[in-house]
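Take a look at the letters that make up each chain.
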Amino acid sequence: MNKQNNEQQGLNVIHAGFLTLLQDAGRSQVMHQGLANGGPMDRHAWAWANRLLGNAYNTPALEITFGGLQLESQVATRIAMTGADVLFTLNNKPQPLWSSLNLMPGDRLKLDAPKAGLRSYLAVSGGFNVPQNLGDSCATLMREGTGGQNEKGQKVAAGDWLPCHSLPISAFKEHSFKVPEHRIPDYKQPLVLDVILGAQVDRFPSKSLAQFFNETYRISPQTDRMGARLDGPRLEVVGERLISEGISLGAIQVTADGQPIILLNDRQTIGGYPKLGAVTPRSLDALAQRPPGSDVRFKAVSLYQAQLEERAFMQFFKG
């Protein structure tokens with residue numbers, strides 16, 4: 001949203017970095033319309049950014065990929081930055097990540113390139129004041145041309161104006177709220193993703209399953225918000241392609257070349273390739289923070305275990 005007049009309050013985008021998107025929790029109940037869910041790739045970091053400010057779970061925040069964002073504030077508010085290990089400065093002074101801080105008119109924020117991790121999340125008190133339409137969401141999907149500050153699926157660009165509420169100085173806190181250390185992920189740790197086996201697992205011979213769960217794959221440079229393409233041992237699949245069907249978040253689809261693709265937030269809604277199973281939501285958070293070239297291994301878990309983890313996550317962040 002370009003700046004229209006001096007009466008608007010919010011953050012002015014000086015430099016947008018490689019890819020900065022407005023994301024709330026994503027769209028629900030829209031796949032039958034051919035629309036993807038969108039939403040934050042790392043839901044853990046995104047949810048913590050909002051929680052640090054007391055925002056509701058679905059509050060829009062910025063997802064910043066590869067850093068490089070520079071903003072100037074024209075409003076008094078509070079912000080929180082979570083996610084990738086990146087040098088984050090306020091008026092050229094380094095600031096802690098995974099904590100909240102006060103922001104005054106004229107303050108300048110800057111993010112360098114990440115030292116570990118891939119995506120950062122910036123939340124403001126009360127969230128960004130942007131339209132929420134399809135599925136009651138502002139989630140930005142560039143491929144579909146939906147969501148975002150202009151409702152056209154556009155990424156944040158230099159010169160954009162990100163509107164948000166002003167806070168009275170009396171509402172400012174003298175101290176920061178911080179995420180407990182044990183809740184902050186280490187993005188340098190080896191990546192092992194939990195997988196729920198799916199109904200089509202019988203299409204994969206035992207040799208293919210042994211390869212998948214015992215050997216190492218690598219995240220391909222062709223990875224994006226639609227899917228994480230993997231390079232590694234070729235998986236044999238029994239039978240022809242399937243009739244196209246709905247695709248769930250995290251589905252592990254194996255194409256004709258035998259290489260798996262983990263389908264992500266902006267995935268296509270239907271597909272006909274066999275699916276070995278699905279990566280759990282909590283493991284997708286970890287995957288979202290690994291750049292292309294990172295090694296990845298897989299571990300089978302039960303549906304019940306994955307459900308318990310997701311329930312605990314939603315109870316903590318959504319109540």
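Residues numbered from 1 in each chain as written. Predicted model: local features only at pLDDT ≥ 70, side-chain atom pairs only at ≥ 80, totals over all residues. Heavy atoms only, no water.

Enquirer: Help me out: how do you make sense of the state of the cysteines in this one?
Expert: Such a bond, covalent and formed between the sulfur atoms of two cysteines, is termed a disulfide. Throughout the structure, instances matching the rule amount to zero disulfides. The thiol of cysteine 138 is not disulfide-bonded; the next cysteine sulfur, from cysteine 164, is found 14 Å away. For cysteine 164, a relative accessible area of 2% translates into the label buried. (Disulfide = S-S within 2.5 Å. Buried < 20%, exposed > 50% of the residue type's maximum accessible area, 1.4 Å probe, protein only.)

Enquirer: Would you mind going over the sheet that holds strand β11 (residues 161-163) with me for this structure?
Expert: Two pairing modes exist for strands in a sheet, parallel and antiparallel, and in both the strands are linked by backbone hydrogen bonds. Strand order in the open sheet formed by six strands is β7-β6-β9-β4-β1-β11, and the pairing between neighbours is antiparallel. Across the chains shown, the open sheet's two edge strands, defined by having one partner strand only, are β7 (93-94) and β11. Sheet analysis places strand β6 (residues 88-90) next to strand β9 (residues 108-111), joined by three bridges and oriented antiparallel. From the neighbouring strand, threonine 89 faces β9, where its bridge partner is lysine 110. (Pairing = 2+ DSSP bridges. Helix = DSSP H or I, 4+ residues; strand = E, 2+ residues; numbered from the N terminus.)

Enquirer: Just to check I follow, could you spell out the packing of aromatic side chains for this structure?
Expert: Within a pair of aromatic rings, the relevant descriptors are the distance that separates the centres and the angle that separates the planes. Overall, the coordinates contain ten aromatic pairs when judged by the stated rule. With a centroid separation of 6.2 Å and an interplanar angle of 70°, the aromatic rings of tyrosine 217 and phenylalanine 298 are classed as edge-to-face. Of this pair, tyrosine 217 sits in strand β13 (residues 217-219) while phenylalanine 298 is found in strand β20 (residues 295-300), placing the two residues 81 residues apart along the sequence. Classification of phenylalanine 298 by relative accessible area gives buried; the value is 4%. An aromatic cluster is present here, built from Trp48, Phe313, Phe316 and Phe317 joined pairwise through their rings. It is arginine 51 that lies over the ring of phenylalanine 316; its NZ or CZ is 3.9 Å from the centre. (Phe/Tyr/Trp six-rings, centres within 6.5 Å; stacked < 30°, edge-to-face > 60°. Lys NZ or Arg CZ within 6 Å of the ring centre and 35° of its normal.)

Enquirer: Please explain the sheet that holds strand β8 (residues 99-103) as it appears in this structure.
Expert: Pairing is antiparallel in the open sheet, where five strands are placed in the order β2-β3-β10-β5-β8. Each edge of the sheet is formed by a strand with only one pairing partner; in this case those strands are β2 (19-23) and β8. Each strand of the sheet is rotated relative to its neighbour by a mean of 25°, with strand direction disregarded. (Axes fitted to C-alpha atoms, helices over the stretch in contact; angles between N-to-C directions.)

Enquirer: I'm lost on the confidence of the model for the protein in this one. Help?
Expert: Any segment with low pLDDT has predicted coordinates that should not be analysed in fine detail. On average, residues of the protein score 93 in pLDDT, and 97% of them are at 70 or above. Note on residues 1-7: pLDDT under 50 across the span, and 13 contacts to partners over four residues away in sequence or across chains. (pLDDT = per-residue confidence, 0-100. Contact = heavy atoms within 4.5 Å.)

Enquirer: Help me out: how do you make sense of the pairing of strand β3 (residues 61-65) in this one?
Expert: The two faces of the sheet receive side chains in turn, since in a regular strand these alternate between them. Of all the five residues making up β3, five are buried; the element is thus mostly covered by neighbouring parts of the structure. For β2 and β3, the ladder comprises five bridges, and the chain directions are antiparallel. Following the sheet pairing, leucine 19 is matched in β3 by threonine 65. Bridging between β3 and strand β10 (residues 116-124) involves four bridges; their strand directions are antiparallel. Among the inter-strand pairings, threonine 65 is bridged to a residue of β10, identified as arginine 119.

Enquirer: Honestly, the nonpolar core in this entry has me stumped. Any pointers?
Expert: Looking at soluble globular proteins, one finds that nonpolar side chains tend to be buried together. Leu62, Ile262 and Phe298 are the most contacted members of the largest nonpolar core, which totals 68 residues. With residues up to four places along the chain from it excluded, the contact list for leucine 62 reads Thr20, Leu21, Leu22, Leu69, Leu71, Ser120, Tyr121, Leu122, Phe128, Val156 and Leu162. (Core = buried A, V, L, I, M, F, W, Y, C linked by side-chain atoms within 4.5 Å.)

Enquirer: Sorry if this is basic, but what is going on with the packing of helix α1 (residues 43-51) against helix α4 (residues 303-317) here?
Expert: Their axes nearest at 11 Å, the elements α1 and α4 cross at an angle of 20°. When the axis of α1 is compared with that of α4, the two are roughly parallel. The handedness of the crossing between α1 and α4 is left-handed. Taking contact as the criterion, the partners of Arg43, His44, Ala47, Trp48 and Arg51 in α1 are, on α4, Glu310, Phe313, Met314, Phe316 and Phe317. Residues that form the contact of α1 with α4 fall into these classes: six nonpolar, one polar and three charged. (Parallel < 35°, antiparallel > 145°, perpendicular 65-115°, else oblique. Left-handed = near helix turned anticlockwise from the far one by under 90°. Nonpolar A, V, L, I, M, F, W, Y, C, P; charged D, E, K, R; others polar.)

Enquirer: Would you mind going over the environment of serine 166 with me for this structure?
Expert: Along the chain, serine 166 turns up in the loop between β11 and β12 (191-197). Assessed through its relative accessible area of 35%, serine 166 is described here as partly exposed. In this structure, the C-alpha to C-alpha distance between serine 166 and isoleucine 79, residues 87 residues apart in sequence, is 12 Å. In this view, serine 166 contacts Gln9, Val75 and Ala76; residues no more than four positions away in its chain are not counted.

Enquirer: Which parts of the structure should I look at to understand the pattern of salt bridges?
Expert: Two side chains with opposite charge may pair up if their charged atoms get near one another. Tallied over the full model, the rule gives eleven salt bridges. Taking the shortest distance from any N to any O, the salt bridge between glutamate 63 and arginine 119 comes out at 4.0 Å. Of this pair, glutamate 63 sits in strand β3 while arginine 119 is found in strand β10, placing the two residues 56 residues apart along the sequence. Taken as a pair, glutamate 63 and arginine 119 share a single burial class, namely buried. A single network of salt bridges, built from pairs that share partners, joins Arg43, Arg282, Asp285 and Glu310. (Salt bridge = Lys/Arg side-chain N within 4 Å of Asp/Glu carboxyl O.)

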